[in-house]
Amino acid sequence: MNTFEKLAQIDRRIIYLILFIVVAIPFLFKVQISMKPTSDVVEAYEFIDSIPEGSAVIISIDYDASSMPELQPMLEAILRHLFSRNIRVLLMSQWALGLPLGQEAIEQVAEEYDKKYGVDYVVLGYRPGLQAVIINMGRDLPATFDNVDYKNRPLKDMPVMEGIKNYGNIAVIIGLEAGSVGDLWAQFANSRYGVKLILGATAVVAPDLYPYKQAGQVVAILGGLRAAADYETLVKHKGAATYGMASQAFVHFLIIAFIILGNIGYLASRRKRRS
Amino acid sequence: MHLSTSIWVWIAAFFTLAIFSFLYKDNPFYRFAESVFVGSSAAFAFLNLWFFDVKPKLWDPIAKGNILYVIIPLILSILMLTRFIPKIKWLSRWAIAFTVGMGAGLGITGMIQGYLVPQLKGTFLPLWVPGNLATTVNNWLLVFGTIFTITYFYFSKPIKGKFGVAAKIGIIFIMVAFGASFGYTIMARVSLLIGRVYFLLHTWLGMV
Amino acid sequence: MKREIPLLITFIAGFLIVVALFIPHPPFNKIEETFNSWYIIVAGFTFILGIDSLILHNWEKIRRRSEGWPFALTVILSFFITLIWGIVSGVRTGHIFSTNSTFRNYFYLYIYVPLQATMFAILSFFIASAAYRAFRARTLNATLLLLTASIVMLGRVPLGNVALIPVISIAVLMLLWVLVDELKYVTSPTQRLIYIGIAVVAVVAAFPITKFLYHNLSPVTDWIMNVPQMAAKRGLFIGLALGGIAVSLRIILGIEQSYMS
């Protein structure tokens, strides 16, 4: 047995261990590498930066714990940007189990910026029905949520909801997507009502959203941990995404090395078979 | 190193490690954690139904005396529940039929108004942009990349002749798209692991 | 009765929703809004379908003491503990996810979140293992896929352009190895010439390509995502959209009835 054949039979658990170590090392040695933000993220940032103070935006939490590491830092960075510019935030969710994650982030960031519940932000909650929710919000936003916030408190008593009837009063919808809800926002909210849309997505989902961007249905797409790290850079507040980027880079190098090694082994064995 | 002193962080770490232990081999710790996950996920379906749907949309209006306003969805919802009673299970079809019909109707409107029209509009690009070679080239790639991809997938004709050339170019675009998606998928999976490792090293062990 | 009424309900719901798209005026827009609000209520119930069989299946396992029954017991216990904790905490504080609900602050954040997040995190190990074992450049198409994936992966991380230098060097060496190897089996002189030609081009072009990518890796990645990747995805999804419309029409017209079983 030659070296390549031995390498090909390496126990998968050794590969798992190597992967784990490569993820952990940059954290343990506090490796951080600075990056220039990608153009997509800059576009999103500049758009949000151009929204007039006091406007209202909707953030929809369309993910849950399974994609939290990618989207939670993105949410926190975007919230920092919005609150620093005194923009009102209406938080909702199309994935029921994402709501508490969104809520946790908004409570934490609101405290940093001294923002008050009901005045500067509100948590509308979750309603089943996906497209139906999106369409009805365009007609009567508070009524879709039964005129109450997630805890059944009347929306009409909250200053944050002042003047908000439908999408016409919303500067932009920011959807954070781990599945296909982003398509629905583009297809129903944008195409039907013309409301502006920014989609932050897990890296699995992001490539599929590019056609919407080219067609002008979406202002910008934020894809995965890298986009979250870029947004953290732009709002000048390092967080989980920035700390994770070194690990991300090292693992990418490792996986490409795995692919190369595997292919060298493949070529070697093909050659042996032929001769 | 500042080990967490919260019992809840230790519980979270236990469940994290229990799931990771599957990578070594299947074992009782993993199966325990998996069972907890399955059981509680099922419970969440009921909790979400009550707190996000039935309570605000049915219970509260009825309690306020507005039963007429919600009578039809109330009936449909009750019909849906007949699914759990074998004898009258067939009644649940009425409710399912409504959701399926709505899904189909909304699907058609979304696909036409929200996808086909804007996407086709986006594809009608000028194939000659004076003084801008880069945009011209990109527009060619956009327009013909889209057309050739459709050619490859959606015509049940044998791949030969002029048609075959189009389909063969189509597959180049498809491979680039799959490669990009594949690279992004690896990126996403790695990010999820980073999140868990960060939890273990930072929140639990306090090493970083 | 058992079939006709559901078919009629499906038809009415689907048909009126489509009509409302083309005639967005009264009464159709009002009908659409009302149907949507009903749908929002009824759709929630679809999430609990199938849970009875999960509970019954595990209950049977416990009753028969079949293999792994303690885990079936765990499923049932965690189902009821979650349910009861959620209801008690939710009723007491107004909602399961109230910021002062113990259910949210302990159960959800410290038990459910780590379970769900780790379940998905282990996928990274499988994908790394697959990278080593399965991702082979067997054909030209597979090679193209792997090349794009590698560029995108390097283009989206810091220092990716530095890592690109050894990657391209090794890739060129591998290509040369394959070509030299192939030459032994090729008899026709033209084919030999082509192979030698490819080898020469690869060696000559490697340096300028590496240099270009070293300085422009991020914009090149953006370009891949925004142009060729986007074009193919659009082509694919236009096809999927047409297929989706066809299926939806079949459902509304009652040709497709599999949902009735």
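Residues numbered from 1 in each chain as written. Chains lettered and ligands numbered in written order. Predicted model: local features only at pLDDT ≥ 70, side-chain atom pairs only at ≥ 80, totals over all residues. Heavy atoms only, no water.

Colleague: Help me understand the packing of aromatic side chains, please; the structure alone is not making it clear to me.
Modeller: Between two aromatic rings, the relevant description is the distance of the centres plus the angle of the planes. Within this structure, the stated rule accounts for 43 aromatic pairs over all chains. With a centroid separation of 5.9 Å and 80° between ring planes, the pair formed by Phe46(B) and Phe79(C) is classed as edge-to-face. With Phe46(B) in helix α2 (residues 28-63) and Phe79(C) in helix α4 (residues 69-93), the pair connects residues from two separate chains. According to the relative accessible area criterion, Phe79(C) is buried, its value standing at 6%. (Phe/Tyr/Trp six-rings, centres within 6.5 Å; stacked < 30°, edge-to-face > 60°. Helix = DSSP H or I, 4+ residues; strand = E, 2+ residues; numbered from the N terminus. Buried < 20%, exposed > 50% of the residue type's maximum accessible area, 1.4 Å probe, protein only.)

Colleague: I tried to follow the interface of chain C and chain B on my own but got confused; where do I start?
Modeller: How big an interface is tends to be expressed through the accessible area that disappears when the partners come together. At the interface, 102 residues of chain C touch 101 residues of chain B. Contact between chain C and chain B buries roughly 9,900 Å² in total, counting both sides, with carbon and sulfur atoms accounting for 83%. Of all residues in chain C, Phe45(C), Phe71(C) and Arg234(C) bury the most surface against chain B, accounting for 7% of the area lost on that side. Put simply, chain C and chain B have zero salt bridges between them. Looking at the side of chain C that touches chain B, the element that brings in the most residues is helix α10 (residues 228-252) of chain C, giving 20 residues. (Contact = heavy atoms within 4.5 Å. Buried area = accessible area lost by both parts, 1.4 Å probe. Salt bridge = Lys/Arg side-chain N within 4 Å of Asp/Glu carboxyl O.)

Colleague: What is the right way to read the packing of helix α2 (residues 12-28) of chain A against helix α6 (residues 123-133) of chain C from this model?
Modeller: Geometry of a packed helix pair, given as the angle between the helix axes and the separation of the axes. Two elements in contact, α2(A) and α6(C), have axes separated by 9 Å at closest approach and are oriented at 120°. Taken together, the axes of α2(A) and α6(C) are oblique relative to one another. By crossing handedness, the relation of α2(A) to α6(C) is classed as right-handed. Seen from α2(A), the contacting residues are Arg12(A), Ile15(A), Tyr16(A), Leu19(A) and Phe20(A); seen from α6(C), they are Ser124(C), Phe125(C), Phe126(C), Ala128(C), Ser129(C), Tyr132(C) and Arg133(C). (Axes fitted to C-alpha atoms, helices over the stretch in contact; angles between N-to-C directions. Parallel < 35°, antiparallel > 145°, perpendicular 65-115°, else oblique. Left-handed = near helix turned anticlockwise from the far one by under 90°.)

Colleague: Would you explain unusual backbone geometry in this entry?
Modeller: Most peptide bonds take the trans form, and the phi angle of most residues other than glycine is negative. Residue Pro27(C) is bonded to the preceding Pro26(C) through a cis peptide linkage, with omega at 0°. Assignment of secondary structure puts Pro27(C) in the loop between α1 (4-22) and α2 (28-46). A positive phi is found at Asn147(A), a non-glycine position, where the angle reads about 60°. Residue placement: Asn147(A) occurs in the loop between α7 (141-144) and β4 (172-177). Positive phi, close to 75°, is recorded for Asn152(A), a residue that is not glycine. Within the fold, Asn152(A) resides in the loop between α7 and β4.

Colleague: Before we go on, may I ask you to explain the interface of chain A and chain B in this structure?
Modeller: Listed by partner, the interface residues are 52 residues for chain A and 42 residues for chain B. A combined buried area of about 4,000 Å² lies between chain A and chain B, and 68% of that area is made up of carbon and sulfur atoms. The interface formed by chain A and chain B holds one salt bridge in total. In this structure, Asp146(A) and Lys57(B) form a salt bridge, with 3.0 Å as the shortest nitrogen-oxygen distance.

Colleague: Could you clarify how one ought to interpret the domain arrangement of chain C in this entry?
Modeller: When the domains of chain C are assigned, the result is domain 1 (4-49), domain 2 (51-124) and domain 3 (135-226). Between domain 2 of chain C and domain 3 of chain C, the C-alpha centre-to-centre distance is 50 Å. (Domains from an automatic or database assignment.)

Colleague: I would appreciate a short explanation of the packing of α2(A) against helix α6 (residues 161-204) of chain B in the present structure.
Modeller: The N-to-C vectors of α2(A) and α6(B) enclose an angle of 55°; their axes lie 10 Å apart at closest approach. Comparing the axis directions of α2(A) and α6(B) gives the class oblique. Along this stretch, α2(A) crosses α6(B), giving a crossing that reads as right-handed. Together, Leu19(A), Phe20(A), Val23(A), Ala24(A), Phe27(A) and Leu28(A) of α2(A) and Leu193(B), Ile194(B), Val197(B), Tyr198(B), Leu200(B) and Leu201(B) of α6(B) make up the contact between the two elements.

Colleague: Would you mind showing me how to read the nonpolar core here?
Modeller: Nonpolar side chains in soluble globular proteins tend to end up buried together. Counting residues in hydrophobic clusters, the biggest one holds 240 residues, and the most contacted among them are Ile59(A), Leu90(A), Trp185(A) and Tyr231(A). It is α6(B) that contributes the most residues to this core, 21 residues altogether. Ignoring sequence-local partners within four residues, the contact set of Tyr231(A) consists of Val41(A), Ala44(A), Tyr45(A), Ile48(A), Ala77(A), Ile78(A), His81(A) and Leu222(A). (Core = buried A, V, L, I, M, F, W, Y, C linked by side-chain atoms within 4.5 Å.)

Colleague: Honestly, the environment of Asp26(B) in this entry has me stumped. Any pointers?
Modeller: Residue and element names in this part refer to chain B. Residue placement: Asp26 occurs in the loop between α1 (7-20) and α2. A relative accessible area of 46% places Asp26 in the partly exposed class. Remark: the alpha-carbon pair of Asp26 and Lys55, spanning 29 residues in sequence, is separated by 41 Å.

Colleague: How do you make sense of the environment of Leu90(A) when you look at a structure like this?
Modeller: Residue and element names in this part refer to chain A. You can see Leu90 is positioned in strand β2 (residues 88-93). Taking the C-alpha atoms as reference points, Leu90 and Glu162, separated by 72 residues in sequence, lie 12 Å from one another. When neighbours within four sequence positions are excluded, Leu90 is seen to be in contact with Ala56, Val57, Ile58, Ile59, Val122, Leu124, Leu141, Val160, Met161, Ile164 and Ile170.

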